[in-house]
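Examination of the molecular architecture
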Amino acid sequence: MAIVNLQDVTYKYPLTEEPAIRNIHLQVEEGEFVAIVGPNGAGKSTLCYTLSGFIPHFFKGELNGTVEIAGVETQKSSLDEWVLNVGLAFQNPFNQISGSKFTVYEEIAFGLENIGVPRGEMKARVEAAMAMTAISDLADRSPYSLSGGQQQRVALTSILVMEPKVLVLDEPTSQMDPIGTREVFQVIKEMSARGMTVILVEHKIEWIAEFADRVIALHNGEILLEGTPGEVLTSPLLPERGFGISRYTSVARTASGQGLWPGDRRLPITLQEAVDGFARDRK
Amino acid sequence: MKDKLTFYIERESSLHRVNPLTKLVMVFAFIILAFFGPGFWLPSLLVVLGIIPLSFLGRVQREYFRTAGRLLLPVVGFLFLMQSVFHPDVGDSRVLLQVWVLNVTVEGVRFAYLTASRIFVMVSAFILFLLTTHPSELMSDLTRRGLSGTFAYVITATLQIIPQMQAKASTIIDAQRSRGLDTDGSFRKRVGALLPLTGPLVFGSLVEVEERAIAIEARAFTSKLEKTSLREIPDTKLDKAARWFFLLLIVLAFGSKLWPS
């Protein structure tokens, strides 16, 4: 059974005319890794807030359709119950730090304190989560003294330690350098490998190609395309509608126009696919 | 950015192990005794026989003397000087010294000394408290005793926000300077240069508030479940007894003021 089930979801922010997302149908299976791509203003963050319960519990406005996660409907739940099922991490790692804790260890324990986890179990869970995201060495540092990549891993760990069923990530690497991006993706990969359901909004197409089971392309608040990374990310529709695409796809498409890439071969997304594809013709 | 945002010195000592509320009550007892207790020498005795020995007990004597010396001595010294010089001469006071048109009287010096020593007790008791009490521990303890979680959050978050704001302000200043804003020069010029800083700093912080709110909500901050605490905060029978003792001292101090002598 699908753990995430969205039926005909339309949402309008307060004081706006146009809905930010409309007629969204989305089912995500338990353990699935779904990536969402889309140009600015496509409704990606709105979808994340809807999945994580901040719509309608934090942002008011008008929500229609049903949003159901793990069999519970968002309208019939409260935010503090909902966040136990769905974890949300977003772009700016700095703003995700609680601001009231002095060490990384305390920071990660913050959520567990809020839900009344006994001290012994709390420590065990914090330490296990830090080991999983490879930040055990940061335990005694101030969350504010960390690099962006480290901070984002702390933010992710703080969510993971709550053991949500579904992890929603809204561009978690958009402010990271390549090293930070790699660090954060290692964590996401690990989570997915452990069977967590991951829904990731991301602009870094090559990373998506590597990890996602399914890609959803969002445009003007609606689902434009849906399918495997290979199908969606190489679709000619994407560049036409202002989506960012992989530079390797773009090079191969140009090459294809000049007869340097066979028309029947799927366009590459990652560097490795491009290398393999071009190398095949040279033999 | 500096890792250290508080006065707290992590050390193994019996004073560190005392319950935060007990220490807080003790600090207030010291302050109230100093201001309302009987006797001219009481505040000085509190420092010499109370606060200083406690700083040794807490093994923070060096930090205590350094902080008290840097922070407090200039203020207290200045206060002492001004009070003794400008203390109103009521006529029958004994003049100790004459400086230009000002009379330094025995009463003036006594009054100045008393005021300075009271201030010294107040601030240095707090310094000792901050040196040996982790803010998280204080807040966890107070939350456990019924203080609202939101209030505790506001206090600890405020403690941390100052260095962040400083860092952000210096980034904004650097950005403005790189676009030609002159922040050196005369006082007026420098004050003028502060204006372009306030917009980005204030509005930027307001925008952050929403994200911060979402982030802490995502971690069940508003959960109705009973909160627990990572830190184990000792609260022994001795702590309870000590708190009653200090409360008694506070009552006695007030009592001594009200008692018709």
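Residues numbered from 1 in each chain as written. Chains lettered and ligands numbered in written order. Predicted model: local features only at pLDDT ≥ 70, side-chain atom pairs only at ≥ 80, totals over all residues. Heavy atoms only, no water.

Describing the overall build of chain A
Rules: Numbering of helices and strands runs from the N terminus; a helix is a DSSP stretch of H or I covering at least four residues, while a strand is a stretch of E covering at least two. Values of the radius of gyration come from C-alpha atoms, whereas the globule rule sets the reference at 2.2 Å times the count of residues to the power 0.38. The cut-offs for exposure are 20% and 50% of the maximum accessible area for each residue type, with area from a 1.4 Å probe on protein chains only; residues under the lower value are buried, those over the upper are exposed, and the others partly exposed. Any pair of residues with heavy atoms lying within 4.5 Å of one another is described as a contacting pair. Shrake-Rupley sampling with a 1.4 Å probe provides the accessible areas, and residues are treated as covered by the protein chains on show and by no other component.
Secondary structure assignment for chain A yields 12 helices and 10 strands. By the compact-globule yardstick of 19 Å for 283 residues, chain A fits well, its C-alpha radius of gyration being 20 Å. Overall, chain A is about 65 × 45 × 35 Å in size when its C-alpha atoms are taken along their principal axes. Put simply, chain A has 283 residues, and 58% of those count as buried. A sequence separation of at least 24 residues applies to 62% of the contacts in chain A between residues at least 6 apart. By element, 49% of the accessible surface of chain A is carried by carbon and sulfur atoms, the whole surface being about 11,500 Å².

Quick word on helix H4 (residues 61-86) of chain B
We apply this condition: Fitting axes to the seven residues ending at a residue and to the seven starting there, one defines the bend at that residue as the angle between these axes.
Considering bend angle alone, the principal kink of H4(B) is centred on B:Leu72 and spans about 45°; proline B:Pro74 follows within four residues of it. Considered for burial, the residues of H4(B) that qualify are B:Glu63, B:Tyr64, B:Thr67, B:Ala68, B:Leu72, B:Val76, B:Ser84 and B:Val85.

Notes on the interface of chain A and chain B
Cut-off, in case you're wondering: Salt bridges are counted wherever a side-chain nitrogen of Lys or Arg sits within 4 Å of a carboxyl oxygen of Asp or Glu. Three classes are used, and their members are as follows: Ala, Val, Leu, Ile, Met, Phe, Trp, Tyr, Cys and Pro are nonpolar, Asp, Glu, Lys and Arg are charged, and the others, Gly among them, are polar.
Taken together, the contact pairs 44 residues of chain A with 37 residues of chain B. Taken together, the links from chain A to chain B amount to four salt bridges. We note a salt bridge from B:Arg219 to A:Glu107, for which the minimum N-O separation is 2.8 Å. Of all the secondary-structure elements, those providing two or more residues to the side of chain A that touches chain B are helix H3 (79-85), helix H4 (104-114), helix H5 (119-132) and helix H6 (148-160) of chain A. With 10 residues, H4(A) is the single largest residue contributor to the side of chain A that touches chain B. When grouped by side-chain class, the residues that make up the side of chain A that touches chain B number 23 nonpolar, 13 polar and eight charged.

Points about the layout of surface pockets
Any space left empty among the atoms is revealed by the rolling of a water-sized probe across them. This is how the line gets drawn: For cavity detection a 1 Å grid was placed over the protein atoms alone, and a set of points counts as a cavity when a 1.4 Å probe fits there but cannot get out; an open set counts as a pocket when protein lies on both sides within 12 Å along at least five of seven lines, with lining residues being those that have an atom within 4 Å of a point. Grid points are joined across faces, edges and corners, and a volume is the space filled by probe spheres set on the points.
The computed volume of the second largest pocket comes to approximately 430 Å³. Contributing to the lining of the second largest pocket are 22 residues, with B:Ser140, B:Thr143, B:Lys227, B:Thr228 and B:Ser229 lying nearest its centre. For the lining of the second largest pocket, the secondary structure elements donating two or more residues are H4 of chain A together with helix H6 (135-144) and helix H7 (149-178) of chain B. Considering each element in turn, the lining of the second largest pocket owes the most residues, five residues, to H6(B). Tallied by class, the residues present in the lining of the second largest pocket amount to six nonpolar, nine polar and seven charged.

Points about the packing of helix H2 (residues 20-36) of chain B against helix H9 (residues 237-258) of chain B
All names here are of chain B. Our working rule: Lines are fitted to the C-alpha atoms to define the axes, a helix being fitted only along its stretch in contact, and any angle between axes, read from their N-to-C directions, falls within 0 to 180 degrees. Should an angle lie under 35 degrees it is considered roughly parallel, over 145 roughly antiparallel, and from 65 to 115 roughly perpendicular; all remaining angles are considered oblique. In a left-handed crossing the near helix is turned counterclockwise from the far helix by less than a right angle, and in a right-handed crossing that turn is clockwise.
Taken N-terminus to C-terminus, the directions of H2 and H9 make an angle of 15°; their axes are 9 Å apart at the nearest point. One finds that H2 runs roughly parallel with respect to H9. In this structure, H2 crosses over H9, and the sense of that crossing is left-handed. Across from Leu21, Thr22, Val25, Met26, Phe28, Ala29, Ile32, Leu33 and Phe36 in H2, the residues of H9 making contact are Asp239, Ala242, Arg243, Phe246, Leu247, Leu249, Ile250, Ala253, Phe254, Ser256 and Lys257. A breakdown of the residues in the contact of H2 with H9 according to their chemical character gives 15 nonpolar, two polar and three charged.

A closer look at the packing of aromatic side chains
Residue and element names in this part refer to chain A. Formally: Between rings of Phe, Tyr and Trp, where Trp is taken as its six-membered ring, a pair exists when centres lie within 6.5 Å; planes separated by under 30 degrees are stacked, by over 60 edge-to-face, and by other angles tilted.
With the rule as written, the count across this model stands at 23 aromatic pairs over all chains. Each ring, one from Tyr49 and one from Phe59, has its centre 4.9 Å from the other, and the planes form 45°; the classification is tilted. Here the residue Tyr49 occupies a position in helix H1 (residues 44-51), and Phe59 occupies one in the loop between helix H2 (54-57) and strand S4 (62-69), the gap between them amounting to 10 residues. The burial state of Tyr49 is the same as that of Phe59; both residues are buried. Three or more aromatic residues joined by ring pairs make a cluster, and in this case those are Tyr11, Tyr13, Tyr49, Phe54, Phe58 and Phe59.

Notes on the domain arrangement of chain A
Residue and element names in this part refer to chain A. Rules: Domain limits in this description derive from either an automatic procedure or a database domain assignment. Once two parts are joined, some of their accessible surface, as seen by a 1.4 Å probe, is lost; buried area is that loss totalled over both. Here a polar contact means two N or O atoms within 3.5 Å. Within protein one must be a hydrogen donor candidate and the other an acceptor candidate, and residues neighboring in sequence count only if both atoms are side-chain atoms.
The assigned domain composition of chain A is domain 1 (2-245) and domain 2 (246-283). Taken residue by residue, the interface counts 11 residues in domain 1 and 11 residues in domain 2. A per-residue breakdown of the area domain 1 buries against domain 2 is headed by Glu206, Thr234 and Ile245, which together make up 64% of the total. For the pair domain 1 and domain 2, the interface holds zero salt bridges. At the junction of domain 1 and domain 2, the tally comes to two residue pairs in polar contact (both at pLDDT 80 or more). Those elements that provide at least two residues to the side of domain 1 that touches domain 2 are helix H8 (205-211) and helix H9 (229-233). When its residues are assigned to classes, the side of domain 1 that touches domain 2 shows seven nonpolar, three polar and one charged.

Section: the pattern of salt bridges
For the structure on display, the rule yields 22 salt bridges over all chains. Between A:Arg266 and A:Glu273 there is a salt bridge, with the nearest N and O atoms lying 3.3 Å from each other. Judged by relative accessible area, A:Glu273 falls into the partly exposed class, the value being 28%. Between B:Arg11 and B:Glu63 there is a salt bridge whose closest N-O contact spans 2.9 Å.

Looking at the pairing of S4(A)
Residues and elements named next belong to chain A. For clarity, the cut-off: Any two strands with at least two DSSP-identified bridges between them are counted as paired.
Pairing analysis gives seven bridges linking strand S1 (residues 2-12) to S4, with the strands arranged antiparallel. Each bridged residue has a counterpart across the sheet, and for Thr10 the counterpart in S4 is Asn64. Taken together, the two bridges between S4 and strand S5 (residues 72-73) define a ladder with antiparallel strand orientation. Paired with Ile69 across the bridge in S5 is Val72. The turn linking S4 back onto S5 is made up of two residues, and Ala70 within it adopts a positive phi angle of 50°.

Concerning a nonpolar patch on the surface
Residue and element names in this part refer to chain B. Cut-off, in case you're wondering: Surface patches are defined over residues having more than 30% relative accessible area and no salt bridge, joining like charges when they lie within 9 Å and nonpolar side chains (Val, Leu, Ile, Met, Phe, Trp, Tyr) when within 5 Å.
Together, Leu96, Leu97, Val99, Trp100 and Val101 line one region of the surface with nonpolar side chains, adding up to about 610 Å² of accessible area. Here Val101 lies in the loop between strand S1 (95-99) and strand S2 (102-105). The exposure class of Val101 is exposed, given its relative accessible area of 59%.

Points about the sheet that holds strand S10 (residues 222-227) of chain A
Residues and elements named next belong to chain A. The strand order S6-S7-S8-S3-S9-S10 describes an open sheet built from six strands, whose pairing is mixed. Lying at the two open borders of the sheet, with one neighbouring strand each, are strand S6 (86-89) and S10. Adjacent strand axes in the sheet meet at a mean angle of 20°, parallel and antiparallel pairs treated alike. When strand S7 (residues 166-170) meets strand S8 (residues 197-201), the two strands line up parallel, connected through five bridges. Of the residues in S8, the one forming a bridge with Asp170 is Val201.

Digging into H5(A)
Residues and elements named next belong to chain A. Note the threshold: Helix span, as expected, comes to 1.5 Å for every residue beyond the first. This arc is taken over the directions from the axis of the helix to the C-beta atoms.
An ideal rise of 1.5 Å per residue puts 20 Å on 14 residues; H5 measures up with 20 Å between its terminal C-alpha atoms. The complete set of buried residues in H5 reads Met122, Arg125, Val126, Ala129 and Met130. Taken down its axis, H5 places every buried residue within 130° of arc, on the same side. As for H5, its buried residues are in contact with H4 and H6. One or two steps after H5, the chain reaches Ala134, where phi turns positive at roughly 55°.

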